[in-house]
Amino acid sequence: MMISKFPLVLATASMTLVAACDPSGPNAHRNTQQGAAIGALGGAVVGALANNDGSNRERNQAALIGAALGAGVGAAVGSNLDKQAEELRRQLRSDVGVSNNGDNLVVVLSQDLLFATNSTAVSGQSRSELGIVANSLNNFPDTTVNVIGHTDNVGSAAFNQDLSRRRAQAVSSVLINGGVSSSRVRSIGAGLTQPVASNATPQGRQANRRVEIIITPN
């Protein structure tokens, strides 16, 4: 009886995924490699299931073809994340954070840079930075954009929730006016519920007052 090689295909793809996710390795294009690994594993599974009624050999061939196709798609998605992150870091101010976690890009702008106290009007300086983000989003159109407003804990929770929502909407409007399709953009107010630092210090409260633009491949 022929022993199926499909588990070996899955094991190989899984080891590739682990290697691609290893943060200790020399990996200048981590997301390209990680995307390829994830695509390969998913493609192998889909290919095998699609040919579930065939022989072991046919299922193995379908799995390998699916892995190859999936790796190509996954690598393309990861490569776009890498390229967009590099572009944004190069063009934006140094105090605008850009992080790439392999699943999405997160652009973080301080609300003290974006808005005056208790205001929802985006400053002229920040409009320039958001214009750069809008151009990047237009250059990489196959993504979804969540704009999330955050506050510190000064004032009531209800006040901060409303302020964060209106500030997220204001940032979203600038991106949409920059040519980004409104169907891609969602505004979310998180209020004071997701701090990244302690609200016990002025520095911590300043870090918590922010808007995050989360860019996720479709």
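Please read these numbers as outputs of a predicted model, since none were measured by experiment. In this convention, every chain numbers its residues from 1, walking through the sequence in written order. Note on the predicted model: pLDDT of at least 70 is required for a residue's local features to be given, and 80 or more for side-chain atom pairs to be given and counted; whole-chain, interface and lining totals, by contrast, use all residues. Based on all heavy atoms of the structure, the side-chain values leave hydrogens and waters out of the count.

Student: Please explain unusual backbone geometry as it appears in this structure.
Tutor: A negative phi angle is the norm for most residues apart from glycine, just as the trans form is the norm for most peptide bonds. For N118, which is not glycine, the phi torsion reads 60 degrees and is therefore positive. Secondary structure elements follow DSSP: runs of H or I of four or more residues count as helices, runs of E of two or more count as strands, with numbering from the N terminus. Considering the arrangement of structural elements, one finds N118 in the loop between α4 (111-114) and α5 (124-139). Note on classification: 1.4 Å probe, protein chains only; a residue is buried when its accessible area is under 20% of the maximum for its type, exposed when over 50%, partly exposed between these limits. With relative accessibility at 53%, the residue N118 sits in the exposed group.

Student: In this structure, what is going on with the layout of surface pockets? I would like to understand it.
Tutor: Regions of empty space are outlined by a rolling probe, equal in size to a water molecule, passed over the atoms. In this structure, the largest pocket occupies an estimated 220 Å³ of space. For each structure, a 1 Å grid was placed over the protein atoms alone; sets of points admitting a 1.4 Å probe that cannot get out are labelled cavities, open sets with protein on both sides within 12 Å along at least five of seven lines are labelled pockets, and lining residues have an atom within 4 Å of a point. Looking at the largest pocket, it is lined by 14 residues, and the ones nearest its centre are T117, N118, D152, L163 and R209. Of all elements in the fold, only α4 and α6 (157-177) reach the threshold of two or more residues within the lining of the largest pocket. Polar here means any residue other than Ala, Val, Leu, Ile, Met, Phe, Trp, Tyr, Cys and Pro, which are nonpolar, and Asp, Glu, Lys and Arg, which are charged; Gly is therefore polar. The residue makeup of the lining of the largest pocket, split by class, is five nonpolar, five polar and four charged. Grid points are joined across faces, edges and corners, and a volume is the space filled by probe spheres set on the points.

Student: Please explain α5 as it appears in this structure.
Tutor: Helical geometry: 3.6 residues make up each α-helical turn, so side chains three or four residues apart lie on a common side. End to end, α5 covers 23 Å across 16 residues, agreeing with the expected 22 Å (1.5 Å per residue, within 8%). When α5 is considered as a whole, its buried residues turn out to be S126, E129, L130, I132, V133, A134, S136 and L137. An expected span of 1.5 Å times one less than the residue number is assigned to each helix.

Student: Quick question: what am I supposed to make of the side chain of N146 here?
Tutor: Inspection of the secondary structure assignment puts N146 in strand β3 (residues 143-150). On the basis of relative accessible area, N146 is assigned to the buried category, the value being 17%. A polar contact of 3.0 Å, which involves the side chain of N146, links it to the side chain of R186. Any two residues whose heavy atoms approach within 4.5 Å are treated as being in contact. Beyond its immediate stretch of four places on either side in the chain, N146 contacts R186, I188, E212, I213 and I214. Any pair of N or O atoms that falls within 3.5 Å is considered a polar contact. Within protein, one atom must be able to donate a hydrogen and the other to accept it, and sequence-neighbouring residues count only if both atoms are side-chain atoms.

Student: What's the story with the environment of L105 in this structure? I'm lost.
Tutor: Mapped onto the elements of the fold, L105 is located in strand β2 (residues 105-110). Along the sequence, L105 and V145 sit 40 residues apart, while their C-alpha atoms lie 9.6 Å from each other. Not counting residues within four places of it along the chain, the set of residues in contact with L105 comprises L81, Q84, A85, L88, S99, N100, I213, I214 and I215.

Student: Where do I start with the pattern of salt bridges in this structure?
Tutor: Pairing is possible between side chains of opposite charge, provided their charged atoms come close. By convention in these notes, a salt bridge is any Lys or Arg side-chain nitrogen within 4 Å of a carboxyl oxygen on Asp or Glu. In total, this model carries six salt bridges according to the counting rule given. The shortest N-O distance in the salt bridge between R209 and D112 comes to 2.9 Å. With R209 in the loop between α7 (202-208) and β5 (210-217) and D112 in helix α4, the pair connects residues that are 97 residues apart, well separated along the chain. Note that D162 is salt-bridged to R165, the shortest N-O span being 2.4 Å. Of this pair, D162 and R165 are both found in helix α6, three residues apart, which corresponds to roughly one turn of the helix. The exposure class of R165 is partly exposed, given its relative accessible area of 33%. It is possible to trace a salt-bridge network through shared partners that takes in D112, D152 and R209.

Student: How do you make sense of the nonpolar core when you look at a structure like this?
Tutor: As a rule of thumb, soluble globular proteins bury nonpolar side chains together. Core analysis: the biggest nonpolar cluster contains 30 residues, and V107, L130, L175 and I213 have the highest contact counts within it. Breaking this core down by element, the ones donating at least two residues are α3 (56-91), β2, α4, α5, β3, α6 and β5. Excluding residues that lie within four positions of it along the chain, L175 makes contacts with L130, V133, A134, L137, V145, V147, V180 and I213. Here the nonpolar core consists of buried residues drawn from Ala, Val, Leu, Ile, Met, Phe, Trp, Tyr and Cys, with membership extended through side-chain atoms lying within 4.5 Å.

Student: Mind showing me how you'd approach α6 here?
Tutor: Across its 21 residues, α6 extends 30 Å between first and last C-alpha, which sits within 8% of the 30 Å expected from 1.5 Å per residue. Of the surrounding elements, those touching the buried residues of α6 are α4, α5, β3, β4 (185-191) and β5. The first or second residue beyond α6 is G179, which carries a positive phi of 105 degrees.

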